[in-house]
Amino acid sequence: RRQTRLRREYLYRKSLEGRDKAAYEKKRVIREALAAGRPLPTEVRASYDALKDEVDAEDERTREVRDHIDDEYGDAGLAEPVVCVTTSRDASSRLKQFAKEVKVCKK
(Lines give C-alpha, C1' and ligand atoms only; values in the text may rest on other atoms or scores of the structure.)
Protein backbone atom coordinates (compact mmCIF):
# COMPACT_ATOMS: atom_id res chain seq x y z
CA ARG A 1 0.00 0.00 0.00
CA ARG A 2 2.76 2.40 0.92
CA GLN A 3 4.59 1.77 -2.33
CA THR A 4 1.39 2.40 -4.30
CA ARG A 5 0.74 5.64 -2.41
CA LEU A 6 4.31 6.85 -2.98
CA ARG A 7 4.08 6.01 -6.68
CA ARG A 8 0.77 7.89 -6.94
CA GLU A 9 2.25 10.94 -5.18
CA TYR A 10 5.29 10.84 -7.48
CA LEU A 11 3.12 10.76 -10.61
CA TYR A 12 0.95 13.57 -9.28
CA ARG A 13 3.98 15.78 -8.57
CA LYS A 14 5.40 14.93 -11.97
CA SER A 15 2.15 16.03 -13.65
CA LEU A 16 2.16 19.30 -11.69
CA GLU A 17 5.70 19.94 -12.83
CA GLY A 18 4.62 20.23 -16.48
CA ARG A 19 1.89 22.72 -15.61
CA ASP A 20 4.28 24.74 -13.45
CA LYS A 21 6.87 24.80 -16.21
CA ALA A 22 4.35 26.24 -18.68
CA ALA A 23 3.34 28.94 -16.18
CA TYR A 24 7.02 29.68 -15.54
CA GLU A 25 7.66 30.24 -19.24
CA LYS A 26 4.72 32.64 -19.49
CA LYS A 27 5.94 34.57 -16.44
CA ARG A 28 9.46 34.70 -17.86
CA VAL A 29 8.19 36.17 -21.15
CA ILE A 30 6.13 38.75 -19.23
CA ARG A 31 9.08 39.66 -17.00
CA GLU A 32 11.42 40.10 -19.98
CA ALA A 33 8.91 42.20 -21.93
CA LEU A 34 8.29 44.48 -18.96
CA ALA A 35 12.01 44.87 -18.28
CA ALA A 36 12.76 45.76 -21.90
CA GLY A 37 9.78 48.10 -22.23
CA ARG A 38 8.34 46.18 -25.17
CA PRO A 39 4.65 45.36 -25.65
CA LEU A 40 3.53 41.95 -24.43
CA PRO A 41 3.51 39.11 -26.96
CA THR A 42 0.05 38.07 -28.10
CA GLU A 43 0.29 34.57 -26.63
CA VAL A 44 0.55 35.88 -23.05
CA ARG A 45 -1.79 38.86 -23.23
CA ALA A 46 -4.83 36.81 -22.22
CA SER A 47 -3.13 35.42 -19.12
CA TYR A 48 -1.32 38.64 -18.17
CA ASP A 49 -3.93 39.80 -15.68
CA ALA A 50 -3.81 36.50 -13.80
CA LEU A 51 -0.01 36.23 -13.82
CA LYS A 52 0.80 39.90 -13.12
CA ASP A 53 0.30 39.56 -9.36
CA GLU A 54 2.40 36.39 -9.27
CA VAL A 55 5.25 38.03 -11.16
CA ASP A 56 5.19 41.00 -8.77
CA ALA A 57 5.17 38.76 -5.69
CA GLU A 58 8.12 36.58 -6.73
CA ASP A 59 11.42 36.68 -4.91
CA GLU A 60 14.73 34.91 -5.53
CA ARG A 61 13.54 31.54 -4.24
CA THR A 62 10.19 31.47 -6.03
CA ARG A 63 11.38 32.98 -9.30
CA GLU A 64 12.98 29.73 -10.53
CA VAL A 65 10.96 26.66 -11.35
CA ARG A 66 11.53 23.77 -8.95
CA ASP A 67 11.58 20.07 -9.73
CA HIS A 68 9.54 17.53 -7.82
CA ILE A 69 12.86 16.13 -6.57
CA ASP A 70 13.83 19.45 -4.97
CA ASP A 71 10.64 19.70 -2.91
CA GLU A 72 11.75 17.44 -0.08
CA TYR A 73 15.08 19.11 0.56
CA GLY A 74 14.27 22.58 -0.75
CA ASP A 75 14.51 24.29 2.63
CA ALA A 76 17.33 22.19 4.07
CA GLY A 77 19.80 24.37 5.90
CA LEU A 78 17.51 27.40 5.99
CA ALA A 79 15.34 26.36 8.90
CA GLU A 80 15.66 23.67 11.53
CA PRO A 81 13.15 20.85 11.15
CA VAL A 82 10.50 20.49 13.83
CA VAL A 83 10.30 17.04 15.39
CA CYS A 84 7.07 15.90 16.98
CA VAL A 85 7.09 12.68 19.00
CA THR A 86 3.73 11.16 19.79
CA THR A 87 2.82 8.07 21.74
CA SER A 88 -0.14 5.79 21.84
CA ARG A 89 -2.81 6.08 24.49
CA ASP A 90 -1.43 3.12 26.43
CA ALA A 91 2.27 3.82 25.99
CA SER A 92 4.76 1.36 27.42
CA SER A 93 7.30 2.55 29.95
CA ARG A 94 10.09 2.21 27.38
CA LEU A 95 8.19 4.41 24.92
CA LYS A 96 7.51 7.03 27.59
CA GLN A 97 11.21 7.02 28.50
CA PHE A 98 12.19 7.43 24.85
CA ALA A 99 9.82 10.39 24.45
CA LYS A 100 11.33 12.04 27.52
CA GLU A 101 14.86 11.52 26.22
CA VAL A 102 14.01 13.04 22.84
CA LYS A 103 12.39 15.97 24.60
CA VAL A 104 15.57 16.54 26.62
CA CYS A 105 17.84 16.23 23.56
CA LYS A 106 15.84 18.85 21.70
CA LYS A 107 17.30 21.74 23.73
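Notes on the structure in this doc start here. (Residues numbered from 1 in each chain as written. Predicted model: local features only at pLDDT ≥ 70, side-chain atom pairs only at ≥ 80, totals over all residues. Heavy atoms only, no water.)

### Regarding the packing of helix α1 (residues 2–36) against helix α3 (residues 48–57)
Then step 1. At their nearest, the axes of α1 and α3 sit 10 Å apart, and the two run at 80 degrees to each other. Taken as axis vectors, α1 and α3 run roughly perpendicular relative to one another. Contact residues: Lys26, Lys27, Ile30, Arg31 and Leu34 in α1; Tyr48, Leu51, Glu54 and Val55 in α3.
Then step 2. Residue composition of the contact of α1 with α3, by class: five nonpolar, no polar and four charged. (Axes fitted to C-alpha atoms, helices over the stretch in contact; angles between N-to-C directions. Helix = DSSP H or I, 4+ residues; strand = E, 2+ residues; numbered from the N terminus. Parallel < 35°, antiparallel > 145°, perpendicular 65-115°, else oblique. Contact = heavy atoms within 4.5 Å. Nonpolar A, V, L, I, M, F, W, Y, C, P; charged D, E, K, R; others polar.)

### Description of α3
Then step 1. Listing the buried residues of α3 in full gives Tyr48, Leu51 and Val55. The buried side chains of α3 occupy one side of the element, clustering within an arc of 75 degrees when seen end-on. Across from the buried face of α3, at angles greater than 90 degrees, the exposed residues are Asp49, Ala50, Asp53, Asp56 and Ala57. (Buried < 20%, exposed > 50% of the residue type's maximum accessible area, 1.4 Å probe, protein only. Arc of directions from axis to C-beta.)

### A look at the pattern of salt bridges
Then step 1. The final tally for this structure, using the stated rule, is three salt bridges.
Then step 2. Ionic pairing is found between glutamate 9 and arginine 5, a salt bridge with its closest N-O pair at 3.2 Å. Placement of both glutamate 9 and arginine 5 in helix α1 is noted, with a separation of four residues, approximately one turn of the helix.
Then step 3. On the basis of relative accessible area, arginine 5 is assigned to the partly exposed category, the value being 37%.
Then step 4. In this structure, glutamate 25 engages arginine 28 in a salt bridge whose closest nitrogen and oxygen atoms are separated by 2.8 Å. Taken as a pair, glutamate 25 and arginine 28 lie in helix α1 at a separation of three residues, close to a single helical turn.
Then step 5. A residue is classified by how much of its surface remains accessible, and glutamate 25, at 32% relative accessible area, is partly exposed. (Salt bridge = Lys/Arg side-chain N within 4 Å of Asp/Glu carboxyl O.)

So, to be careful, I would describe these as geometric facts and stop short of saying anything about function.
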